[in-house]
Amino acid sequence: MESPALPAPPAPPALPEPPARARPPRFDPPNILWYFGAISATVAAYAVVAGTGAAHRGLWILLAALAFVAGAAALAALAFRLGCWVPGGVLAGSAVALTPAVVVGFEHLLGVWPKHPASTDPFHDFEGFVFAPAAATVAAGLAAFWLVRFGFVLLPVAVAATLGIQFLLPALVTHPSVGDHMVALIVTGIAFVVVGMLLDARRHRSAAFWWHVVGLLSLANGLVYYVGVNPLLPGRPNALWAWVTMLAVGAALVVAAFPVGRATWGAFGVAGIYAPAFHYVDDASGSWRVPLLMVFVGVALMFAGALLDLAGTSWPQRLARPALRPRT
């Protein structure tokens, strides 16, 4: 005898749609112009600061950097006041990205910045003058995110945190090798992905995005070093474990990308599967067979994408339905 069907729970009330100027960023002309304009202005501001010179103990570096940070922060506050959420958040991210210039100006003024910084190696010996800007950027970025709650602000935070960990490693490991830095990069990448997953679990998807991107980039760079295909670090061992790890992580990312709803995972996962497959097929065959095979692999990936598009995002729930049906 079948058990009586339970009444369906009431649907939650629909949330009101936010105003057009407060919606999350999209890939359209206004957003492209906002992001590209802010990024190009930030790069140009760094060029202006670098062109001021270190005269008067770096006073002009400090003043120029403070002027740009204050200008970006003021424009961000004005944009938020006018209800322009995306331009305000992007400008807040620019202000955070300019934080290292302010710290370097202070270091010049205090006499901490070395006269010949090119003669130092912050990846081999701990140098506080390069670690301080990274740490200050992380602190400023987290404070700015607490104020504006805009995900793009966390991009300079994640990048600065990655560099800061690399600069801090010589204080923990005596004269670390390149391999030590790559291991730290892999561990950093894993930790950042975990941070992104925790933010996803709390439905802070825009805040989680850049932790996923920077974390997966760090993880990929560390693995690329060990497989020996990094042109900047030639002659490294062709480690089997790194190829296997890349393939396993790539497959896991592709499978998990759809139920999690992270296209970033899918993109990195496809690359993680494709690179080892290309490597081993190239070793096994060579000549024209490899490019021809990769043509079919690319077409197969397109067919897989079409099938997933037809299935939609509910296919994990469809697979789980038989297990959830009540027994008769």
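Residues numbered from 1 in each chain as written. Predicted model: local features only at pLDDT ≥ 70, side-chain atom pairs only at ≥ 80, totals over all residues. Heavy atoms only, no water.

**So, the pattern of salt bridges**
And step 1. Considering all chains together, one arrives at 2 salt bridges under this definition.
And step 2. For Arg 205, the salt bridge goes to Asp 200, with nearest N and O atoms at 3.9 Å.
And step 3. Between Arg 262 and Asp 200 there is a salt bridge; the shortest N-O distance is 2.8 Å. Here the residue Arg 262 occupies a position in the loop between helix 9 (240-260) and helix 10 (263-284), and Asp 200 occupies one in helix 7 (residues 178-201), the gap between them amounting to 62 residues.
And step 4. Since its relative accessible area comes to 6%, Arg 262 is described here as buried. (Salt bridge = Lys/Arg side-chain N within 4 Å of Asp/Glu carboxyl O. Helix = DSSP H or I, 4+ residues; strand = E, 2+ residues; numbered from the N terminus. Buried < 20%, exposed > 50% of the residue type's maximum accessible area, 1.4 Å probe, protein only.)

**Details of the side chain of Arg 262**
And step 1. Of note is the side chain of Arg 262, whose polar atom sits 2.8 Å from the side chain of Asp 200.
And step 2. Beyond its immediate stretch of four places on either side in the chain, Arg 262 contacts Asp 200, Arg 205, Ala 208, Phe 209, His 212 and Ala 257. (Polar contact = N/O pair within 3.5 Å; in protein donor to acceptor, adjacent residues only side chain to side chain. Contact = heavy atoms within 4.5 Å.)

**Quick notes on unusual backbone geometry**
And step 1. Although it is not a glycine, Arg 149 sits at a positive phi angle of roughly 55°.
And step 2. Of note in this structure, His 175 is not a glycine but carries a positive phi near 45°.
And step 3. Topologically, His 175 is positioned in the loop between helix 6 (154-172) and helix 7.

**Focus on the nonpolar core**
And step 1. Counting 24 residues, the largest nonpolar core has Val 90, Phe 150, Val 153 and Trp 211 as its most contacted members.
And step 2. Among the elements of the structure, helix 1 (29-51), helix 3 (85-97), helix 5 (128-148), helix 6, helix 7 and helix 8 (205-227) are those that each provide at least two residues to this core.
And step 3. Per element, the largest residue contribution to this core is 6 residues, and it comes from helix 8.
And step 4. Among all residues touching Val 153, those that are not within four sequence positions of it are Gly 89, Ala 92, Gly 93, Val 96, Gly 141, Ala 144, Phe 145 and Val 148. (Core = buried A, V, L, I, M, F, W, Y, C linked by side-chain atoms within 4.5 Å.)

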